[in-house]
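Listed here are the chains, written in short residue letters.
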2 protein chains.
Amino acid sequence: MNIGEAARQSELPPKTIRYYEDIALVKPSRSSNGYRDYSENDIHRLRFLQRSRSLGFTIEECRLLLSLYEDDQRASADVKAVANQKIIEIDHKIKELRSLRKTLSALAENCHGDDKPDCPIIDDLAGRRGR
Amino acid sequence: MNIGEAARQSELPPKTIRYYEDIALVKPSRSSNGYRDYSENDIHRLRFLQRSRSLGFTIEECRLLLSLYEDDQRASADVKAVANQKIIEIDHKIKELRSLRKTLSALAENCHGDDKPDCPIIDDLAGRRGR
DNA sequence: GCTTGAGCTTCCAGCAACTGGAAGGCCTAT
DNA sequence: ATAGGCCTTCCAGTTGCTGGAAGCTCAAGC
């Protein structure tokens, strides 16, 4: 199967698939004309990557998950640990974003939003509080 | 004022300050020995950048905010629009992260987390639902 | 005067995870 | 034969820094 069809089936752009080969996440064979030739198993790996990337795992985490995926002897605890770690990171990011949001919306609420130059947002950014 | 002191006052690493000069966000003068020489106004700009970056604005947004900062004729509505746009983006990111978290925690909850190979997380990543 | 150490300079490279584009080969159909 | 669409490789760019090497300057201590 050529890269175009592999792209369709895995829902990944061809560029990304080539990149995944560069960093040794997939190793398709080659046809006699030099074209990449993807097996069913390659497609499984690509789909797996697509799904795990979309769940926010980094490439290196995907590499780990992929090795667990292909290890029939894996312990489910190992996989669960990776997932739980990711959940912690996500919680942390959400917390940060909420805090940013709070600050920004407080600033925006205090801003008249008219065509006058007076602006509490700028004042805050400039370090001038409660002028 | 040398870069080290500018770094202390702006709470930005010297490397970052030099980078901001590379991308034309600050233009300090030079002392006779070739050292960068930061004025009070330069420090204001650096502080402004530090604060706006920490609030999640991109470099290009900071550049815009900085030009508004130095424009005495600015309309506060312009600044408010940038802030509100950012709030929308933050909301979007939070929503995405919450959705990721939900999926991941559902998967982790269904996983025994023992030393057996059976693992619903891997099954999901591989595209095998509800086996 | 000399050395030491901190602080400054420039430049080059690398991080993550792709993405875009150029130059060219291949394949199929008309 | 030619057009187009797909494929190949390679190089460069994205964002926002950060690390490191090689070398200059400056102030302090002996």
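Above this text sits the structure in question.
What counts, and at which threshold
Residues numbered from 1 in each chain as written. Chains lettered and ligands numbered in written order. Predicted model: local features only at pLDDT ≥ 70, side-chain atom pairs only at ≥ 80, totals over all residues. Heavy atoms only, no water. Axes fitted to C-alpha atoms, helices over the stretch in contact; angles between N-to-C directions. Helix = DSSP H or I, 4+ residues; strand = E, 2+ residues; numbered from the N terminus. Parallel < 35°, antiparallel > 145°, perpendicular 65-115°, else oblique. Left-handed = near helix turned anticlockwise from the far one by under 90°. Contact = heavy atoms within 4.5 Å. Buried area = accessible area lost by both parts, 1.4 Å probe. Salt bridge = Lys/Arg side-chain N within 4 Å of Asp/Glu carboxyl O. Polar contact = N/O pair within 3.5 Å; in protein donor to acceptor, adjacent residues only side chain to side chain. Near = heavy atom within 4 Å. Least-squares fit on C-alpha atoms with pLDDT ≥ 70 in both. Core = buried A, V, L, I, M, F, W, Y, C linked by side-chain atoms within 4.5 Å. Buried < 20%, exposed > 50% of the residue type's maximum accessible area, 1.4 Å probe, protein only. Domains from an automatic or database assignment. Arc of directions from axis to C-beta.

### Focus: the packing of helix 4 (residues 59-69) of chain A against helix 5 (residues 76-109) of chain A
Residue and element names in this part refer to chain A.
Right, on to step 1. Packing of helix 4 against helix 5 leaves a shortest axis separation of 10 Å and a crossing angle of 155°. With respect to helix 5, the element helix 4 is oriented roughly antiparallel. Every pair of crossing elements has a handedness; the one defined by helix 4 and helix 5 is left-handed. For the pair formed by helix 4 and helix 5, the contact residues are Glu61, Leu64, Leu65 and Leu68 on the first element and Asp78, Val79, Val82, Lys86 and Glu89 on the second.

### Here's the deal with the interface of chain B and chain A
Right, on to step 1. The interface of chain B with chain A comprises 52 residues on the first partner and 52 residues on the second.
Right, on to step 2. Where chain B abuts chain A, roughly 4,400 Å² becomes buried across the two surfaces, and 70% of that area is made up of carbon and sulfur atoms.
Right, on to step 3. On inspection of chain B and its partner chain A, the count reaches four salt bridges.
Right, on to step 4. One salt bridge in this structure joins B:Arg101 and A:Asp91, with 2.5 Å as the shortest N-O distance.
Right, on to step 5. On inspection of chain B and its partner chain A, the count reaches 18 residue pairs in polar contact (both at pLDDT 80 or more).
Right, on to step 6. Of all the secondary-structure elements, those providing two or more residues to the side of chain B that touches chain A are helix 3 (40-54), helix 4 (59-69), helix 5 (76-109) and helix 6 (120-125) of chain B.
Right, on to step 7. No other element matches helix 5 of chain B, which puts 21 residues into the side of chain B that touches chain A.

### Structural notes on the protein's contact with DNA strand D
Right, on to step 1. For DNA strand D, the set of nearby residues contains 19 residues, the closest of which are A:Gly4, A:Arg36, B:Lys15, B:Tyr20 and B:Arg53.
Right, on to step 2. A:Gly4 is positioned such that a nitrogen or oxygen atom in its backbone is 2.7 Å from a phosphate oxygen of DNA strand D.
Right, on to step 3. Among the secondary structure elements, those contributing two or more residues to the surface near DNA strand D are helix 1 (3-10) and helix 2 (14-22) of chain A together with helix 2 (14-22) of chain B.
Right, on to step 4. A per-element tally of the surface near DNA strand D places helix 2 of chain B first, with four residues.

### Some remarks on the relation of the copies chain B and chain A
Right, on to step 1. Rotating chain B by 180° and translating it 0.0 Å along the rotation axis places it on chain A, where the RMSD comes to 0.3 Å. As the rotation angle and translation indicate, the two copies are arranged about a two-fold axis. Among all residues of chain B, the minimum C-alpha distance to the rotation axis is found for B:Ile94, at 2.8 Å.

### Considerations on the nonpolar core
Right, on to step 1. Counting residues in each nonpolar core, the largest one holds 75 residues, and the members touching the most others are A:Leu46 and B:Leu46.
Right, on to step 2. At eleven residues, helix 5 of chain A tops the list of elements feeding residues into this core.
Right, on to step 3. Each of two domains, domain 1 (1-74) and domain 2 (75-131) of chain B, supplies a minimum of three residues to this core.

### Quick word on helix 1 (residues 3-10) of chain B
Residues and elements named next belong to chain B.
Right, on to step 1. When we look at burial in helix 1, the residues that qualify are Ile3, Ala6, Ala7 and Ser10. Buried residues in helix 1, looked at end-on, bunch into an arc of 105°, giving them a common side.
Right, on to step 2. Against helix 2, strand 2 (36-37) and helix 3 lie the buried residues of helix 1.
Right, on to step 3. Two residues or fewer past helix 1, glutamate 11 is found with a positive phi of approximately 60°.

### What to know about the pattern of salt bridges
Right, on to step 1. The tally for this structure, following the rule as stated, stands at 18 salt bridges over all chains.
Right, on to step 2. One salt-bridge network, in which partners are shared between bridges, spans A:Glu21, A:Arg30 and A:Arg36.

Distances and angles like these do not, on their own, reveal function.
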